[in-house]
Amino acid sequence: MLQSAPADALLTPIARRRPGKRANPVVRVLIYVLLIAAAAGVLLPFYWMVVSSLKTDNDVFTVPIKWLPHSVIWHNYLDIWRKSQMTTWLKNTLILSFVVTALQLFTGSFAAYGFAKVRFPGRDLLFIVYVGTIAVPWQSYMIPQFILMSHLHLSNSLWSIIALQAFGALGVFLMKQYYESIPEELSEAARIDGMSEYGIYRRIMLPLSAPALASLALLTFVNTWNDYLGPLIYLRSPNLRTIQLGLSTFISQYNAEYALIMTGSVLSVLPIAVIFLLGQRYFVEGIATTGLKG
């Protein structure tokens, strides 16, 4: 009679494989310590900004640094509204940020669909040339742009910033990479059913690209909100100043109201922080999945 094989011999190699060892507790502690130190280094300037907004002007740059104010000056957050046109600055910045973001979402996604899903002669070469403009510094062509805006009578108006920032090669590149991760079979099936390219873009591509759109919206909104050089060149009227330009008015030839500058900086950071916290999941998902083939 044949003897039965030992039980160990019947086990597959995977079953006999020893479970993976856990990381050394000391190594894990060191990793967490490094991460906490890195997070503290990133958050320290923001903490100093918030604390400085609750100080007097003379206490902002004292040596050594006072990490906790001796007396909290809460009225700084009231004085900045009373001494400046903060409402006008915020209104102009919000208008520019939302309009530019909406236009870049439309133009970027629409152009990206053409580059990713529509075949036409010279498509790849045109895309390379267009994306290559990212490498050209804006300072090299800002004077011709200013001359163009002056001839179009758009200088010293919000329309100049909107017209110049309504298109962005970075958004086209981001959206094209995401569209290429969507299976081509969906577009082909829609074409067989008689759907036009505009219908495919609106009814299929846009709903499927919500993470990429959220990433592009966040990047565009932050860049427009923090833009200083563009409004400095085109917006000369005090009623058209953005919050970045407005904060510079607290610095005069002989004096600077540093406490109010820090207070305004805190107010300017709050909308960005709220928007990022609300769209963080979509932003991370959009960046992580961009460029992955389906």
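Predicted model only: the values in this text are computed from it and were never measured.

Scoring rules and cut-offs
- Residues numbered from 1 in each chain as written.
- Predicted model: local features only at pLDDT ≥ 70, side-chain atom pairs only at ≥ 80, totals over all residues.
- Heavy atoms only, no water.
- Phe/Tyr/Trp six-rings, centres within 6.5 Å; stacked < 30°, edge-to-face > 60°.
- Helix = DSSP H or I, 4+ residues; strand = E, 2+ residues; numbered from the N terminus.
- Buried < 20%, exposed > 50% of the residue type's maximum accessible area, 1.4 Å probe, protein only.
- Salt bridge = Lys/Arg side-chain N within 4 Å of Asp/Glu carboxyl O.
- Contact = heavy atoms within 4.5 Å.
- Patch = residues over 30% accessible without salt bridge, like charges linked within 9 Å, V, L, I, M, F, W, Y side chains within 5 Å.
- Areas by Shrake-Rupley, 256 points an atom, 1.4 Å probe, with all protein chains shown as cover.
- Arc of directions from axis to C-beta.
- Core = buried A, V, L, I, M, F, W, Y, C linked by side-chain atoms within 4.5 Å.
- Expected span 1.5 Å × (residues − 1).
- Bend = angle between axes of the 7 residues up to and from the residue.
- Polar contact = N/O pair within 3.5 Å; in protein donor to acceptor, adjacent residues only side chain to side chain.
- pLDDT = per-residue confidence, 0-100.
- Axes fitted to C-alpha atoms, helices over the stretch in contact; angles between N-to-C directions.
- Left-handed = near helix turned anticlockwise from the far one by under 90°.
- Nonpolar A, V, L, I, M, F, W, Y, C, P; charged D, E, K, R; others polar.

1. Brief notes about the packing of aromatic side chains
- Overall, the coordinates contain 15 aromatic pairs when judged by the stated rule.
- Judged by centre distance (6.5 Å) and plane angle (15°), the rings of F127 and F173 are stacked. Residue F127 is located in helix α7 (residues 123-132), and its partner F173 is located in helix α10 (residues 169-179); the two are separated by 46 residues in the primary sequence.
- Taking the relative accessible area as the measure of exposure, F127 reaches 12% and is therefore buried.
- An aromatic cluster is present here, built from F106, F110, Y113, Y179, Y198 and Y201 joined pairwise through their rings.

2. Description of the pattern of salt bridges
- In this structure the tally under the stated criterion is eight salt bridges.
- Between D124 and R123 there is a salt bridge, with its nearest N and O atoms 3.5 Å apart.
- The class for R123 is buried, based on a relative accessible area of 15%.
- One salt-bridge network, in which partners are shared between bridges, spans K117, E184, E188, R191 and E197.

3. A word on the side chain of N92
- Among the structural elements, N92 can be located in helix α6 (residues 86-117).
- Setting aside residues up to four positions removed in sequence, N92 forms contacts with L158, N239, L240 and R241.

4. Observations concerning a nonpolar patch on the surface
- Residues V27, I31, Y32, L35 and I36 make up a contiguous nonpolar surface patch of about 510 Å² in total accessible area.
- Mapped onto the secondary structure, L35 falls in helix α3 (residues 25-52).

5. Quick word on helix α5 (residues 76-83)
- Among all positions of α5, only N76, D79 and I80 are buried. For α5, the angular spread of the buried residues around the axis is 100°, confining them to a single face. What points out from α5, more than 90 degrees from its buried face, is the exposed set L78 and R82.

6. Description of the nonpolar core
- Core analysis: the biggest nonpolar cluster contains 20 residues, and Y113, M175, Y179, I200 and M205 have the highest contact counts within it.
- For this core, the secondary-structure elements that each account for two or more residues are α6, α7, α10, α12 (197-208) and α13 (210-225).
- Per element, the largest residue contribution to this core is five residues, and it comes from α10.
- Of all hydrophobic cores here, the second largest spans 13 residues; its members include F221, I243, I261 and I272.

7. Regarding α3
- The first and last C-alpha atoms of α3 sit 39 Å apart over 28 residues, in line with the 40 Å expected at 1.5 Å per residue.
- In the structure, α3 departs most strongly from a straight axis at L43, where the bend amounts to approximately 35° and where the proline P45 lies between one and four residues downstream.
- When we look at burial in α3, the residues that qualify are W48, M49, V51 and S52.
- Of the residues that open α3, the one with a side-chain oxygen 3.0 Å from the backbone nitrogen of V26 is N24.

8. Examining the confidence of the model for the chain
- Residues with a pLDDT of 70 or more make up 87% of the chain, whose mean pLDDT is 84.
- A low-confidence stretch, residues 9-15 stays under pLDDT 50, and its non-local contacts, those more than four residues away or across chains, total two contacts.

9. Here's the deal with the packing of helix α11 (residues 184-192) against α12
- Axis separation between α11 and α12 bottoms out at 10 Å; the angle between their running directions is 145°. Classified by chirality, the crossing of α12 by α11 is right-handed. For the pair α11 and α12, the contacting residues are L186, S187, A190 and R191 in the first and E197, I200, I204, M205 and L208 in the second.
- In terms of residue class, the contact of α11 with α12 is made up of six nonpolar, one polar and two charged.

10. What to know about the environment of R191
- Along the polypeptide, R191 turns up in helix α11.
- Not counting the four nearest positions on each side in its chain, R191 is found in contact with Y113, K117, E184, E197 and I200.

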